[in-house]
Every structure is written in structure tokens, then in C-alpha cells.
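Descriptive structure summary
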Amino acid sequence: MYAWNSRIWKSKNGCRTIYEKMDCTNNISVIIICCQVGSIHETTETDGFAHLLEHILLTSDTNHISCTQTFQQFDKMGVEFNAHTTKTNTCFMIKCLTPFIKTVIDILANIMFHSNIETRNAAVEQNVIYHENQTDDNDSINTAELKFKHNVYKDTPYAKPIDKKRANQPPLQSPLLQAFYKKYYVPNNIIISIISDLPYHDIQSHIEKSLFNTIFSNKEFKKQKRQKIMSIDSTISVMKEQHSNTCTIIAGFVIPNPTPIEEYTLHYLKYYLNRIDGILFQHIRMKQGVAYQFFSDFEHQEVGTCFSITVETSNIYIIPLLTFIMTVFKDFKNIQIHEDVMVQVKQHIKHLLQMKYRDIDSLVEYNMQQVIQHTLIPYDHLYHICYQSIN
């Protein structure tokens, strides 16, 4: 494994940066700018604003250059660009050749803080998002997951979809969108994650000379703590989304305030179930042959941790598969895993982490999440945790 060589610092304006130097990037650098705003921060008046701003910021002029000039620079540098919005964050990722990293940092800083969002027709971007959502709606797994999350996170902001408004939206109130942008796109609500082969002081110098180190007159963003899910419904939540002759089943539960041991257990169970030699593959694929796509997963949010099993199958297999999934959940409390199987699962986790560490796209996002969650566990040390000795 590579030695962990990350540094984290806070600029004078509150912007946080985590940088990891790797000597094996082949002259490629990756940068993620994360603004901690998503659908959970929206109100009835601002539904959909987080995702809409993700689109508008990329297609608006800034105080320095037009969006056309920005696109021309990106094309000239040959960058790979992507962005996405979640319930909690909006992220912009660029992969570029290392000699261009300073230019990319400057462009992204201008987009984050100096975008003239009124220069872009918001209705056009709303239409783009509408068609994007139509594509997502044709994905039965995505649709079932939306309904499932709405059920398990009920009575919390996490129950809201990322885009609550769809077609036939009323005219956008531009002052509201401008106020939303000014409120959340402030330095102390921004996290920068970078992986490159440049020395640490070079990256820090680039950040310090950019707008990411400038103090603005905007009021600082104050994060609000969300209310915890105080109790677990004794019934397992199940969602079914039917598309033609196929359907998606998602079943799972929420742990409101998981301990570190419970988090580790869920992490372990995910890989235990998802192995090729695991119970899901052996029963669903090898024995019954009733589904092609299936997996277990868990996600941690500040209101709780959700564990689920997803299966995409034919309609005629709904009942037997639900029965099987329920049996798996009920057996969790009585599960007896032999020591040799535990070793195999931990080796599986270890080697997956080793492969992911060599993927700089995964690593740069992992580092960003570590800053958000205030855990800062070195990625290359993670497998030591998962591969700990068996008592």
C-alpha cells in the first residue's frame, strides 16, 4: 500500500482543503469542490434549487469571463468534468493534466463565488433537469430507491427527493435563487479535495492565491443539526417499482444512532452478503436463477444509518424473493459466521480497498467525505481496520 500523505488546512476565510500527494498519478490531477448544500436544505419555496444551481453555475458567466470562454478553456485543456447533487452536497469534479491544476483552481473559485447566475435562463436548465429526471424515472432501481428512502427517512428532511418539482413548474423567482446561492456558496461551506503529484506547498500556494482564500462580505453559513430518527419501525420497509414485466424490490431498516461497532458490523455485513460466495449470489443467482442484479448496501446520514437489500427481478418472483430477504434480515440476530468465512470476507474488503486506493477518482471523493464527517481515516489504513485479528 502507498503511505498516506494527506494534509488538511483551513484558509483564512474558512474554506477547508484536503490534499493527498501521490507519485503514481501519471501527471494527472483530480479536484473536487464540494458545497455542503442539497435537498435537505431546501424549503417549500426553494424546492429543487440545489440541483438547479449545480446546472446554472456551470452555464453562467462570472465576473471575470463568460461561460463560453470557460468552456473553451476546458476544451483546450482536455479536462474531464462532472457534477452531481445529493441530499446533502453539491460536488464539482475535474480531472486534468497536472500543469493545468492552477488554472482549474482559479476557474472553479470564480464559478463558486463570482457567478452571475442571472446571465443564464433558469427555465432552460429546469427543462434540462426535467429530461434528466425522466431518464432516472425510467430506471426502476432509482425510482424504487426514491420511494424507499422517503419511507425510511419519514418526518426528516432526508425523506425529500433531490428534485421534488418536476413538470409544469411555476415561474422561477430569481431573487429567491440568488439569495439561496449567496447563502450557501460561501467559503466556510466549501470543501476542496485534491490529489496530484505536486508538492504540498505548491497546492497550498495555488489555493492561497485564489478566491478560495479570499474573505468576502457574505455572512458565514451556520450549519443546523438535524433531528435524529428517535425510533425504528418494527416492520421492515419494502418498496416495489414495476416497469413492464420487471420490478425492483428494496427492503431495509434504519439504525437511528449507530455506535462505531454497529457501523463496522453493517459494513462487514454488506460485503459478507455481496460476495460471489455469499448468500445473495448463491441463492438468487446460482440456486434459483430469478434475478440478474441484486446487492446489499448501507448509507450513513446524520439522522441515522440505513441498511438495505435491492433485487431487480420479474413480477412472478416478488413473493418468494421478499420471503427470502425477510429471512436474511431475521437471521441477522442469530447469524453464526465461521472463522474461516470471516477471514475470507476481511480479505475481500482488504483487497477491494487496495484496488480503490489506486483509483484516484474514488480516493479524492473519499477524502472529501472524511472532511465532511470529521473522521479523517487514511484510506490506505482502512483495510487494517477491516482486516483486524479475529478474537
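1. What to know about the packing of aromatic side chains
Aromatic ring pairs are reported here in terms of the distance separating the ring centres and the angle at which the planes meet. A complete count under the given rule lists 12 aromatic pairs for this structure. Judged by centre distance (5.9 Å) and plane angle (50°), the ring pair of Tyr 153 and Tyr 158 falls under tilted. Relative to Phe 294, the ring of Phe 281 has its centre 6.3 Å away and its plane inclined at 50°; by these criteria the two rings are tilted. Remark: Phe 294 occurs in strand E11 (residues 291-301) and Phe 281 occurs in helix H9 (residues 279-287); sequence separation between them is 13 residues. Since its relative accessible area comes to 15%, Phe 294 is described here as buried. Among the aromatic side chains, those forming a connected cluster through ring pairs are Phe 49, Phe 180 and Tyr 184. Looking at Arg 7, its charged tip hangs above the ring of Tyr 200, at a distance of 4.1 Å from the centre.

2. Overview of empty space enclosed by the protein
Using the criterion set out here, one finds 1 cavity of 30 Å³ or more in the structure. There is about 30 Å³ of room inside the largest cavity. Taken together, Leu 57, Leu 58, Ser 60, Cys 67, Thr 70, Phe 71 and Ile 111 make up the full set of residues lining the largest cavity. Those elements giving two or more residues to the lining of the largest cavity turn out to be helix H1 (49-58) and helix H2 (67-77). Among the elements that take part in the lining of the largest cavity, H2 stands out by supplying 3 residues, more than any other. A per-class count over the lining of the largest cavity returns 5 nonpolar, 2 polar and no charged.

3. What to know about the packing of helix H3 (residues 101-113) against helix H7 (residues 200-208)
Where H3 contacts H7, the axes come no closer than 9 Å and their chain directions differ by 30°. In terms of orientation, H3 lies roughly parallel with respect to H7. In this structure, the crossing between H3 and H7 has a hand that is right-handed. In this structure, H3 uses Ile 101, Lys 102 and Ile 105 to contact H7, whose residues at the interface are Ile 203, His 206 and Ile 207. Looking at the contact of H3 with H7, its residues break down into 4 nonpolar, 1 polar and 1 charged.

Parameters and conventions
Residues numbered from 1 in each chain as written. Predicted model: local features only at pLDDT ≥ 70, side-chain atom pairs only at ≥ 80, totals over all residues. Heavy atoms only, no water. Phe/Tyr/Trp six-rings, centres within 6.5 Å; stacked < 30°, edge-to-face > 60°. Helix = DSSP H or I, 4+ residues; strand = E, 2+ residues; numbered from the N terminus. Buried < 20%, exposed > 50% of the residue type's maximum accessible area, 1.4 Å probe, protein only. Lys NZ or Arg CZ within 6 Å of the ring centre and 35° of its normal. 1 Å grid on protein atoms, 1.4 Å probe; cavity = no way out; pocket = protein on both sides within 12 Å on 5 of 7 lines; lining within 4 Å. Points joined across faces, edges and corners; volume = space filled by probe spheres on them. Nonpolar A, V, L, I, M, F, W, Y, C, P; charged D, E, K, R; others polar. Axes fitted to C-alpha atoms, helices over the stretch in contact; angles between N-to-C directions. Parallel < 35°, antiparallel > 145°, perpendicular 65-115°, else oblique. Left-handed = near helix turned anticlockwise from the far one by under 90°. Contact = heavy atoms within 4.5 Å.

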